[in-house]
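Listed below are the residues making up each chain.
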Amino acid sequence: MIKRLNEILEEFKEKVKNYKTKEQLENLKREYGSKDSVLNEVLRNLKNASPEERKEIGIRGNEVKEEIYGTIGELIDKIKYKDLKQQLENEKEDISITGIDFKNGTKHPLNLVIEEISDIFRELGYDMVAGTEIESDEYCFQKLNMPIGHPARDMQDTFYINEKQVLRTHCTNMTARMLTQLSQTKIKEKNIAAVSYGNVYRRDDDDATHSHQFMQIDGFAVGKKISFANLKWTLEYMCKRLFSNDTEIRMRPSFFPFTEPSCEVDITCVNCNGSGCRICKSTGWIEILGSGMIDPEVIKLNGLDPNEIGGLAFGIGVERVAMLKYGIKNIRDFYENDIRFLEQFKFFGE
Ligand SMILES: [Zn+2]
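Residues numbered from 1 in each chain as written. Predicted model: local features only at pLDDT ≥ 70, side-chain atom pairs only at ≥ 80, totals over all residues. Heavy atoms only, no water.

(A) The coordination of the zinc ion, seen in detail. Each protein donor to the zinc ion is listed here as Cys269 (SG), Cys272 (SG), Cys277 (SG) and Cys280 (SG); together their distances run 2.2 to 2.3 Å. Coordination at the zinc ion is tetrahedral, judged from the four donor atoms that bind it and the angles of 106 to 114° they form at the metal. For the zinc ion, the single-chain donor residues occur in sequence as C-x2-C-x4-C-x2-C. (Donors = N, O, S within 2.8 Å, 3.2 Å for Na, K, Ca; no water. Tetrahedral: all angles 85-135°; square planar, octahedral: opposite > 155°, others 65-115°.)

Rendered as structure tokens:
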């Protein structure tokens, strides 16, 4: 029986040479471990041997078994090691390869201006309010002192959706909405200051400085003792923050249906600092926004008492500010989303 065990081992050694894969080797291991394997067949006959032989066969049997299993185990480990080495080789990083350039997006110049102006007014205690671009004729015009048929409506060529709804021509619609809302509250102290921004639409001719769609920031403050001096201080402060500390403003009388008095605000030219150049048409000044004291009639139209409260208001063209701030010549650049144009604003607003 010892001889048979040795034969089994030799047979195994021959056989195992042809087993190459992990799966094959594991099958082989199962084959030798199964009930009717050649090994177990020998051990089953152990009962026919004498006690001395039994001991000897037992020992040799275990040796053979261990050698077979040991060999298979080693071969499997070798394959595993080889596979792992191959895997590591495949996954090895080549640190000499140039890295992938991750492109960060950039903020749109109009958003940069909106963020900057919003921040200034938020610091001054103004709320930010959102509005709708489709507005009723009532809030876009009537409550702002432009009744149906009023000639001032011609100042703003309007896109009508139907008889009662328009694409808003200004963000001032939010002033009317906020004032009306304020009139409906029971709060005694009627103070409010808010800024809203967004798209507005006018049927202006398209040229390099006009577009049928543009962005506006509109703000107002109402309360008991709001004066023209407050308006002047607010706008001067904003312009200095937005452009530079040396920026000066001047206010020219103007007309808007919803403010009285009304004024247009100029700043000292951002290009020549007031000495005169092509951009400011040699005047040294550049028009930047419209403003005024809220017309008492508007206060009344929105359900409040003009004898008790008054307010200031202003409207800023976002594109205009962005064009001056970043030296952009054509308003269409803002809406074409040319990546080469937008990428130039990478370092602003960080
Ligand atoms: Zn100039």
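Picking up after the structure, the text goes on.
(B) Representation of the packing of aromatic side chains within the structure. Tallying each qualifying case throughout the model produces nine aromatic pairs. Ring centres 5.4 Å apart and planes at 90° place the aromatic pair phenylalanine 12 and tyrosine 32 in the edge-to-face group. Of this pair, phenylalanine 12 sits in helix H1 (residues 2-16) while tyrosine 32 sits in helix H2 (residues 22-33); the two residues are 20 residues apart in sequence, bridging distant segments of the chain. Taking the relative accessible area as the measure of exposure, tyrosine 32 reaches 5% and is therefore buried. Aromatic side chains phenylalanine 121 and phenylalanine 314 sit 4.8 Å apart centroid to centroid with 20° between the ring planes, which places their arrangement in the stacked category. Placement of phenylalanine 121 in helix H5 (residues 109-123) and of phenylalanine 314 in strand E9 (residues 310-317) is noted, with a sequence separation of 193 residues between them. As far as the burial class goes, phenylalanine 121 and phenylalanine 314 line up, both buried. Three or more aromatic residues joined by ring pairs make a cluster, and in this case those are Tyr326, Phe334, Phe341 and Phe345. (Phe/Tyr/Trp six-rings, centres within 6.5 Å; stacked < 30°, edge-to-face > 60°. Helix = DSSP H or I, 4+ residues; strand = E, 2+ residues; numbered from the N terminus. Buried < 20%, exposed > 50% of the residue type's maximum accessible area, 1.4 Å probe, protein only.)

(C) Representation of the confidence of the model for the protein chain in the model. On average, the protein chain scores 89 in pLDDT, and the residues at 70 or more come to 97%. In the model of the protein chain, helix H3 (residues 38-44) stands out as the element of lowest mean pLDDT, 79, in contrast to helix H9 (residues 296-301), which has the highest, 97. (pLDDT = per-residue confidence, 0-100.)

(D) Quick look at the domain arrangement of the protein chain. Domain parsing of the protein chain yields domain 1 (2-91) and domain 2 (109-345). For domain 1 versus domain 2, the distance between C-alpha centres works out to 90 Å. (Domains from an automatic or database assignment.)

(E) Molecular detail of the pairing of strand E7 (residues 259-268). A large share of E7 lies buried, amounting to eight of its ten residues. Inspection of the sheet shows strand E6 (residues 249-256) paired to E7 by seven bridges, in the antiparallel sense. Directly across from arginine 252, in E7, lies its bridge partner glutamate 264. In sequence, E6 turns back onto E7 through a hairpin of two residues. Pairing between E7 and strand E8 (residues 285-294): eight bridges, direction antiparallel. Paired with threonine 259 across the bridge in E8 is isoleucine 294. (Pairing = 2+ DSSP bridges.)

(F) Looking closely at the nonpolar core. Met238, Ile288 and Phe314 are the most contacted members of the largest nonpolar core, which has 46 residues in total. If you tally residues by element for this core, the top one is H5, at seven residues. In this view, methionine 238 contacts Ile117, Ile120, Phe121, Leu289 and Ile316; residues no more than four positions away in its chain are not counted. Listed in part, the 25 residues of the second largest apolar core include Cys140, Leu144, Ala152 and Leu179. (Core = buried A, V, L, I, M, F, W, Y, C linked by side-chain atoms within 4.5 Å. Contact = heavy atoms within 4.5 Å.)

(G) Geometry of the packing of H5 against helix H10 (residues 318-326). Packing of H5 against H10 brings their axes to within 9 Å, and their N-to-C directions diverge by 100°. One way to sum up the angle between H5 and H10 is to call them roughly perpendicular. Residues Pro109, Leu110, Leu112, Val113, Ile114 and Glu116 of H5 pack against Val318, Glu319, Val321, Ala322, Lys325 and Tyr326 of H10. (Axes fitted to C-alpha atoms, helices over the stretch in contact; angles between N-to-C directions. Parallel < 35°, antiparallel > 145°, perpendicular 65-115°, else oblique.)

(H) Looking closely at the UniProt feature "binding site: Mg(2+)" (unreviewed entry) in the protein chain. Under the feature "binding site: Mg(2+)" (unreviewed entry), the UniProt entry names Glu260. Summarising the element assignment, glutamate 260 is placed in strand E7. Look past the residues within four positions of glutamate 260 in its chain and what remains in contact with it is Met293, Ile294 and Asp295. (UniProt positions renumbered as here; feature names shortened; annotations may be inferred.)

(I) How the structure looks around the environment of isoleucine 161. For isoleucine 161, the location among the structural elements is in the loop between helix H6 (137-140) and strand E3 (165-167). With 27 residues separating them along the chain, isoleucine 161 and isoleucine 134 place their C-alpha atoms 8.3 Å apart.

(J) A look at H5. If you check H5, its first and last C-alpha atoms are 21 Å apart, about what 15 residues at 1.5 Å a residue would give, namely 21 Å. Directly beyond the C-terminal end of H5, a positive phi value near 95° is found at glycine 125. (Expected span 1.5 Å × (residues − 1).)

(K) Seen up close, the pairing of E8. Burial runs high along E8: eight of the ten residues are buried. In this sheet, E9 lies alongside E8 in antiparallel orientation, the contact comprising five bridges. By the bridge assignment for E9, serine 291 is matched with phenylalanine 314.

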